[in-house]
There are 2 protein chains.
Amino acid sequence: MAIPTPAATTGLREIKKQETRQLISDHATRLFIAQGFEQTTIAEIAAAARVAKKTVTNYFPRKEDLALDHQEQFAVSLAAAVTARRQGESALAALRRAFADAVAAQDPVAGFSGQQFARMIADSPTLSACLRGLHDQREHHLARALAEATGAHPDDITVQTAAGLLSAVHRVLFHRIQTLTLAGHPNDQIAHTIAAEAAEAFNLLEPALSSYGTD
Amino acid sequence: MAIPTPAATTGLREIKKQETRQLISDHATRLFIAQGFEQTTIAEIAAAARVAKKTVTNYFPRKEDLALDHQEQFAVSLAAAVTARRQGESALAALRRAFADAVAAQDPVAGFSGQQFARMIADSPTLSACLRGLHDQREHHLARALAEATGAHPDDITVQTAAGLLSAVHRVLFHRIQTLTLAGHPNDQIAHTIAAEAAEAFNLLEPALSSYGTD
DNA sequence: GGCAAACTTGCAACGGACGTAATTATAGCC
DNA sequence: GGCTATAATTACGTCCGTTGCAAGTTTGCC
C-alpha cells in the first residue's frame, strides 16, 4: 500500500519532516525493545535521535504513540472488512474471512508482532491500556459500519451488541496470538494453531449472527 | 452485605484508618464532581482533607483509585454469578438473571452511577481507560470461572471466546446505561428501557450459548 | 534577495508517582 | 502501669511525562 499523499507536494520541508519523524521512531523502537517502554525516557530518545525533547513530543504527542504504529489502520480494520464485504455475504462471514486472510499473511495488525514487541507491550501497563483503547475504538467503528450496513440507528441495541460480539472474537484471537508469541512459538506454527482456533471461535458465534448484516 | 472483617480486631488504630480513608475519599469525590477529575490535583484533595499529600497516595496508590470504588466487586461480579448459578442453569441464563437483578436494584456496579459521576468518567480519559481495564479484568475472571465450571483448560479457545461474548453483552449494556444517564434520563426510566434492551441482547446470544456451562 | 510561515529549540512550570528518613501514636508484653 | 516494637503519618526530595512560551533557524514563495 503506497502512501497516497493527497496533493502533498514533496517539498524539501515535507521530506525532512518525514525523515526526522522516522529517525525518532526508529531510535524509540530500538530503545523500547532493548530496555523496556517504561524504563526508556523521552529525554533518552531525544538524545539518541539528536533532537530536542520538545521535537519528540511535537511529532508524538503521547509516549505511547512512539511505540504503537498504524493505530488508525487497526481501529478501522473491522469496519472496513464489513463495508467491503461481498454481495450476500454476512458481516460475520466477512469478518471471518478477513481474519483468516490476516492470519495467512501473518499481519501485524492481527497480532503477529514478534516476541520482543509483544513483550514490550505485556510488560508495560501504559501500552496494555492503550491497546485496550484501540480495541474499543475498533468496536465503535465496527458498530457504525454495521449500522450503515443494516440501516439501523447507531444506538440500536442489536447493532451495539453485534459489534460487541464480533469484535470480542477478534479481540480474543488477537490476545491468543500475543500469548503464543510471548510463549516463544514461531509465527508459522501460531498461524497454523490460530487458524483452527479461529474456526472454533467463529463457529460458536455462527448460530447467533449467521445472517446478520447480509445484503 | 456487612463487612466480614476476618479477625480484624476493631482497634482504635483501625477505626481511625477507616475514618481517614473515608475523609479523603469524600473530599476527593466532592472535588472531582465539582471541578472534574483531571482538573483536581492530589494536593488540593490533601489540603481539603487536612492531610499530607503522601497520606493520600498512601491510601490510594493511583489517582483513579480515589474515584472508582468497589473495583474488586465489579471485577468478580460475572464470575461470581456463574459460580453461584442454580442447578441445571446455563452460564448465559445465570448472567442474564444477574443483570436483570442488578437493573431492578439499580446497582451502581451495573452502571447506575448518577449523572454527575458518569460525566466525571466520560470527561476523563484516565478514568475511561481505567474502566476499560476493569471490564477486561472482569472478562478474565469470568473465563476462569467458566473453565472451572466446564472442566476445560483456562486457555481453551472456546472458554476464552464464551467469556469474551458474555462479558461483551454486559459491557455493551453497561455502556448503554452510562449513555442514557449522561443524556439525563432518570434511573427508573433507564431501568425500564434497559430491561427490554437486555432481553434483546441476551436473546441474540442465546442460539450460540444456550446450553454452555450447564451443569 | 527578501519576507512570511513553518519547524526546531531551549527553558520553564505543573502534576503525578515513588522513595526515604523522621516523628508520632498505637498495641502487645512484662 | 510503663516500656518497647510496630505501624502510620509526615515532610522532604527526585524523576518523568506533559504543556506553554519565546527566540532562533530553515523553507517556500514572491
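Residues numbered from 1 in each chain as written. Chains lettered and ligands numbered in written order. Predicted model: local features only at pLDDT ≥ 70, side-chain atom pairs only at ≥ 80, totals over all residues. Heavy atoms only, no water.

(A) Region of interest: the relation of the copies chain A and chain B. With an RMSD of 0.1 Å, chain A superimposes on chain B once it is rotated by 180° and translated 0.0 Å along the axis. Put plainly, the chains are arranged around a two-fold axis. Most of the interface of chain A is mirrored in chain B, where 100% of its interface residues again form contacts. (Least-squares fit on C-alpha atoms with pLDDT ≥ 70 in both. Contact = heavy atoms within 4.5 Å.)

(B) Fine view of helix H2 (residues 42-49) of chain A. Residue and element names in this part refer to chain A. All of the buried residues in H2 are Ile45, Ala46 and Ala49. Axial view of H2: buried residues confined to an arc of 100°, hence all on one face. One or two positions beyond H2, positive phi appears at Arg50, with a value near 60°. (Buried < 20%, exposed > 50% of the residue type's maximum accessible area, 1.4 Å probe, protein only. Helix = DSSP H or I, 4+ residues; strand = E, 2+ residues; numbered from the N terminus. Arc of directions from axis to C-beta.)

(C) Seen up close, the environment of A:Ser210. Residues and elements named next belong to chain A. Tracing the sequence through the fold places Ser210 in the segment after helix H10 (187-209). Since its relative accessible area comes to 38%, Ser210 is described here as partly exposed. Linking Ser210 and Leu134, residues 76 residues apart in sequence, is a C-alpha distance of 26 Å. For Ser210, the contacting residues outside a window of four places in its chain are Ser90 and Leu92.

(D) How the structure looks around the protein's contact with DNA strand D. Neighbouring DNA strand D are 20 residues, the closest being A:Leu12, A:Arg13, A:Lys63, B:Thr55 and B:Tyr59. The sugar-phosphate backbone supplies 73% of the atoms of DNA strand D found within 4 Å of the protein. With respect to DNA strand D, the side chain of A:Lys16 contributes an N or O atom lying 3.4 Å from a phosphate oxygen. A:Thr40 places a polar main-chain atom, nitrogen or oxygen, 3.3 Å from a phosphate oxygen of DNA strand D. For the surface near DNA strand D, the secondary structure elements donating two or more residues are helix H1 (12-35), helix H3 (53-59) and helix H4 (63-67) of chain A together with helix H3 (53-59) of chain B. Among the elements that line the surface near DNA strand D, the one with the most residues is H3(B), at four residues. (Near = heavy atom within 4 Å. Polar contact = N/O pair within 3.5 Å; in protein donor to acceptor, adjacent residues only side chain to side chain.)

(E) Expanded view of the nonpolar core. Ranked by size, the top nonpolar core spans 80 residues in total, and within it A:Leu146, A:Leu205, A:Leu209, B:Leu146, B:Leu205 and B:Leu209 carry the most contacts. Contact partners of A:Leu146, with chain neighbours within four places excluded, come to A:Val82, A:Ala91, A:Val159, A:Ala162, A:Ala163, A:Leu166 and A:Tyr212. If you look at the next biggest cluster of nonpolar residues, it comprises 23 residues, including A:Ala28, A:Val109, A:Met120 and A:Phe174. (Core = buried A, V, L, I, M, F, W, Y, C linked by side-chain atoms within 4.5 Å.)

(F) View of the layout of surface pockets. Residues and elements named next belong to chain A. Considered as a void within the structure, the second largest pocket measures approximately 820 Å³ in volume. For the second largest pocket, the lining is made up of 27 residues, of which Ala67, Leu68, Asp69, His70 and Gln71 are closest to its centre. Contributions of two or more residues to the lining of the second largest pocket are made by H1, H4, helix H5 (71-83), helix H7 (115-122), helix H8 (125-150) and helix H9 (157-182). Ranked by residue count, the leading element in the lining of the second largest pocket is H1, at five residues. Among the residues making up the lining of the second largest pocket, the classes are represented as 14 nonpolar, nine polar and four charged. Looking at which domains feed residues into the lining of the second largest pocket, each of domain 1 (12-67) and domain 2 (71-209) supplies at least three. (1 Å grid on protein atoms, 1.4 Å probe; cavity = no way out; pocket = protein on both sides within 12 Å on 5 of 7 lines; lining within 4 Å. Points joined across faces, edges and corners; volume = space filled by probe spheres on them. Nonpolar A, V, L, I, M, F, W, Y, C, P; charged D, E, K, R; others polar. Domains from an automatic or database assignment.)

(G) Spatial organisation of the interface of chain A and chain B. Contact residues are listed per partner, giving 28 residues for chain A and 28 residues for chain B. Where chain A meets chain B, there are four salt bridges. Taken together, the links from chain A to chain B amount to four residue pairs in polar contact (both at pLDDT 80 or more). Secondary structure elements with two or more residues in the side of chain A that touches chain B: H8, H9 and H10 of chain A. Here the element with the most residues in the side of chain A that touches chain B is H9(A); it accounts for 14 residues. For the side of chain A that touches chain B, the residue count by class is 13 nonpolar, seven polar and eight charged. (Salt bridge = Lys/Arg side-chain N within 4 Å of Asp/Glu carboxyl O.)

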